[in-house]
Amino acid sequence: MRSRFHVVALAFAGSLLLGACSHHFGPGIADLPASQGWEPLPIGSWVLNDGLEARSMVFCPRESCTRQGFAAVIAIGGDQARDMEKALSESPASLGQAFARLAAAKAAERRKAQRKQKKKPDAKPEARSATDVARIDSTEAKGVLVTIRSLDRTDRQAVTAIIYGRESDRLVLALAVSETAEAARRDAQAAWRSR
C-alpha cells in the first residue's frame, strides 16, 4: 500500500509540473511534425543565459521514430553571438577541441580529488572517439557538420549539423543531432526554414 501512495504522489507531482509549464512549449518545426513522431520540448524558462533565445526545440524519441533525433532553432545576441559566429566561421574544429579540453580538465580534477583522499587515481583514459568537422555552406547560410564516432565500434556515431546566419543584430542557429550526416543535415535545414 505504501509504494502505491508514492507512485500516486509522484504521478500527481509530475502532472502539476507538466501543467505548470505546458504553455511554455515552443511552436515546433513545420517540416518535423508531430504526425511523424516529433515532439516539441518546453523552452519557456529552461534557458537562463542572458542573450540566448530558444525559439523552438523538437525531439523524436526512439519509441515513435525510426531514427531518434533532435532539432532546435536558437538566437544569440551581443558578444556571445560575435564569439560563436567567429568560432563557427574561422575554426569550427576549435569548438570540439574546447569540449575535449573541458572533459580532460574535469577528469584531471577527479584524479586530483582522488589523490587528496588517498585513493588510487583512475588511469588516464585512452581516446575512445574521434571528431570530424566539415563545412556545409550553402547560398542561403553557412554551416558545419560535426561527426563524433566511436573508435571501439564503427557502427556508433552522432552527427550534429549547425546552420547559422545573421538576423539583424542576432546570430540565429539551426541545429540538429542524429545518427547519420544525411539525417542531421536534413533536420537542420528543416529547422532553418522554420526560423
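Refer to the structure printed above.
Residues numbered from 1 in each chain as written. Predicted model: local features only at pLDDT ≥ 70, side-chain atom pairs only at ≥ 80, totals over all residues. Heavy atoms only, no water.

Peer 1: Explanation requested: the overall build of the protein chain in the structure shown.
Peer 2: Along the backbone of the protein chain there are four helices and seven strands. When the elements of the protein chain are put in sequence order from the N terminus, they spell out α-β-β-β-α-α-β-β-β-β-α. Classification of the 195 residues of the protein chain by burial places 31% in the buried group. In the protein chain, of all internal contacts separated by at least 6 residues, the share reaching a separation of at least 24 is 42%. With the model as given, the accessible surface of the protein chain reaches about 13100 Å², and the carbon-plus-sulfur share is 56%. (Helix = DSSP H or I, 4+ residues; strand = E, 2+ residues; numbered from the N terminus. Buried < 20%, exposed > 50% of the residue type's maximum accessible area, 1.4 Å probe, protein only. Contact = heavy atoms within 4.5 Å. Areas by Shrake-Rupley, 256 points an atom, 1.4 Å probe, with all protein chains shown as cover.)

Peer 1: Help me understand the sheet that holds strand 4 (residues 129-135) in this model?
Peer 2: Strands pair in a sheet through their backbones, by hydrogen bonds, and they do so in one of two ways: parallel or antiparallel. Strand order in the open sheet formed by seven strands is 1-2-3-7-6-5-4, and the pairing between neighbours is antiparallel. At either margin of the open sheet sits one strand with a lone partner, and together these are strand 1 (39-40) and strand 4. Pairing of strand 1 with strand 2 (residues 52-60), which is carried by two bridges, proceeds in the antiparallel orientation. The residue of strand 2 that forms the bridge with proline 40 is valine 58. Sheet contacts for helix 2 (residues 78-90): strand 2, strand 3 (69-76), strand 4, strand 5 (142-150), strand 6 (157-167) and strand 7 (170-178); angle to strand 6, the most-contacted strand, approximately 125 degrees. (Pairing = 2+ DSSP bridges. Axes fitted to C-alpha atoms, helices over the stretch in contact; angles between N-to-C directions.)

Peer 1: Where do I start with the state of the cysteines in this structure?
Peer 2: Working definition of a disulfide: a covalent bond connecting the sulfur atoms of two cysteines. Within the structure shown, the criterion is met by one disulfide. Disulfide pairing places cysteine 60 opposite cysteine 65 at an S-S distance of 1.4 Å. Disulfide cysteine 60-cysteine 65: the torsion about the S-S bond is -60 degrees, which places it as left-handed. You'll find cysteine 60 and cysteine 65 in the same group, each marked buried. (Disulfide = S-S within 2.5 Å.)

Peer 1: It is not clear to me how helix 2 should be interpreted in this structure. Could you clarify?
Peer 2: Side chains of residues three or four places apart in an α-helix project in the same direction, reflecting 3.6 residues per turn. Taking 1.5 Å of rise per residue, 13 residues should cover 18 Å, and helix 2 covers 18 Å from first to last C-alpha, within 8% of that figure. Three or more residues of helix 2 are buried, namely Ala81, Ala87 and Leu88. Down the axis of helix 2, the buried set is contained in an arc of 135 degrees. They therefore lie on one face. In helix 2, the exposed positions angled more than 90 degrees off the buried face are occupied by Asp79, Lys86 and Glu90. (Expected span 1.5 Å × (residues − 1). Arc of directions from axis to C-beta.)

Peer 1: Any chance you could explain unusual backbone geometry here in plain terms?
Peer 2: Of all residues except glycine, most have a negative phi; of all peptide bonds, most are trans. With phi around 55 degrees, serine 168 is a residue other than glycine that occupies positive phi space. Note that serine 168 resides in the loop between strand 6 and strand 7. By relative accessible area, which is 69% here, serine 168 ends up exposed.

Peer 1: Whenever I open this one, the nonpolar core confuses me. Can you help?
Peer 2: For soluble globular proteins, the rule of thumb is that nonpolar side chains tend to be buried together. Counting residues in hydrophobic clusters, the biggest one holds 23 residues, and the most contacted among them are Ile29, Leu32 and Ala71. Listed by contribution, the elements that provide at least two residues to this core are strand 2, strand 3, strand 6, strand 7 and helix 4 (181-193). Considering each element in turn, this core owes the most residues, five residues, to helix 4. With near-sequence residues (within four places) excluded, leucine 32 lies in contact with Trp38, Val58, Ala71, Asp187 and Ala190. Judged by nonpolar contacts, the second largest core, of 15 residues, contains Ile43, Ile74, Ala81 and Leu171. (Core = buried A, V, L, I, M, F, W, Y, C linked by side-chain atoms within 4.5 Å.)

Peer 1: Is there a simple way to think about the pairing of strand 2 in this case?
Peer 2: On a regular strand, each side chain points to the face opposite its neighbour's, so the side chains alternate between the two faces of the sheet. Pairing of strand 2 with strand 3 involves eight bridges; the strand directions are antiparallel. Its bridge partner being in strand 3, phenylalanine 59 is matched across the sheet by phenylalanine 70.

Peer 1: Just checking my understanding: could you explain the pattern of salt bridges for this structure?
Peer 2: Side chains that differ in charge, positive against negative, can pair when their charged atoms come close. All chains considered together, the criterion is met by twelve salt bridges. We note a salt bridge from arginine 149 to aspartate 132, for which the minimum N-O separation is 2.9 Å. Of this pair, arginine 149 sits in strand 5 while aspartate 132 sits in strand 4, and the two are 17 residues apart along the sequence. For aspartate 132, a relative accessible area of 34% corresponds to the partly exposed category. Here aspartate 137 ties to arginine 135 by a salt bridge, and the two come within 3.2 Å at their closest N and O atoms. Taking relative accessible area as the criterion, arginine 135 reaches 35% and is therefore assigned partly exposed. Connected through salt bridges with shared partners, the residues Glu53, Arg55, Glu167 and Arg170 form a single ionic network. (Salt bridge = Lys/Arg side-chain N within 4 Å of Asp/Glu carboxyl O.)

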